[in-house]
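# A closer look at the structure
What follows is the residue order along each chain.
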Amino acid sequence: MTPEQENQLFQSIGQIQATQAAILKEVTDIKTDLTKRVDSIEVRVEKVEEKVTHNRIKIATLGGGAGLIVAMAAEVLKLGGGA
């Protein structure tokens, strides 16, 4: 191998290493970005879950209150109907 060919070989190896380093950095940046996005989505999902749970509690409370009113009305009708 001539000195010129050796020089070209080492330059090519250097370029390949630089390309690999650039690709690795890009992959790392993409992974970091995806992690941030996933974390953001998880926070949103948690907020939605909290709201849904809160709404379910409200609905259950309203449903329970309505059920109590219906039961009371039935008792009043029973008492009124038997007298």
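First, a word on what this report is: a plain description of the structure on this page. All figures in this text were calculated on a predicted structure; none of them were measured in a lab. (Residues numbered from 1 in each chain as written. Predicted model: local features only at pLDDT ≥ 70, side-chain atom pairs only at ≥ 80, totals over all residues. Heavy atoms only, no water.)

So, on to the overall build of the protein. Check the secondary structure of the protein and you find one helix and zero strands. For 83 residues, the compact-globule estimate of 2.2 N^0.38 gives 12 Å, and the C-alpha radius of gyration of the protein, at 35 Å, exceeds that figure by more than 25%. Carbon and sulfur atoms make up 65% of the accessible area of the protein, which amounts to about 7600 Å² in all. Averaging the positions of the 10 positive and the 11 negative side-chain charges in the protein gives two centres separated by 14 Å. (Helix = DSSP H or I, 4+ residues; strand = E, 2+ residues; numbered from the N terminus. Rg over C-alpha atoms; globule rule 2.2 N^0.38 Å. Areas by Shrake-Rupley, 256 points an atom, 1.4 Å probe, with all protein chains shown as cover. Lys, Arg positive; Asp, Glu negative; His and termini not counted. Charge placed at Lys NZ, Arg CZ, Asp CG, Glu CD.)

Right, let's get into the pattern of salt bridges. Under the counting rule described, the total for this entry stands at two salt bridges. Asp-29 serves as the salt-bridge partner of Lys-25, at 2.9 Å between the closest nitrogen and oxygen. With Lys-25 and Asp-29 both in helix α1 (residues 3–82) and four residues apart, this pair spans about one turn of that helix. With relative accessibility at 35%, the residue Asp-29 sits in the partly exposed group. Between Asp-33 and Arg-37 there is a salt bridge whose closest N-O contact spans 3.1 Å. With Asp-33 and Arg-37 both in helix α1 and four residues apart, the pair spans about one turn of that helix. Residue classification places Asp-33 among the partly exposed residues on the basis of a relative accessible area of 34%. Given the relative accessible area of 53%, Arg-37 is considered exposed. (Salt bridge = Lys/Arg side-chain N within 4 Å of Asp/Glu carboxyl O. Buried < 20%, exposed > 50% of the residue type's maximum accessible area, 1.4 Å probe, protein only.)

Considering the arrangement of structural elements, one finds Lys-78 in helix α1. Judged by relative accessible area, Lys-78 falls into the exposed class, the value being 56%. C-alpha separation for the pair Lys-78 and Lys-58, spaced 20 residues apart in sequence, amounts to 30 Å.

This part covers a nonpolar patch on the surface. Side chains of Met-1, Leu-9, Phe-10 and Ile-13 sit close together on the surface and give an oily, nonpolar patch of about 430 Å² of accessible area. Structurally, the position occupied by Ile-13 is in helix α1. (Patch = residues over 30% accessible without salt bridge, like charges linked within 9 Å, V, L, I, M, F, W, Y side chains within 5 Å.)

This part is about a negative patch on the surface. Taken together, the side chains of Asp-39, Glu-42, Glu-46, Glu-49 and Glu-50 define an acidic patch exposed on the protein surface. Here Glu-50 shows up in helix α1. On the accessibility criterion, Glu-50 (58% relative accessible area) is exposed.

Everything listed here is a matter of coordinates, which is why it stays silent on function.
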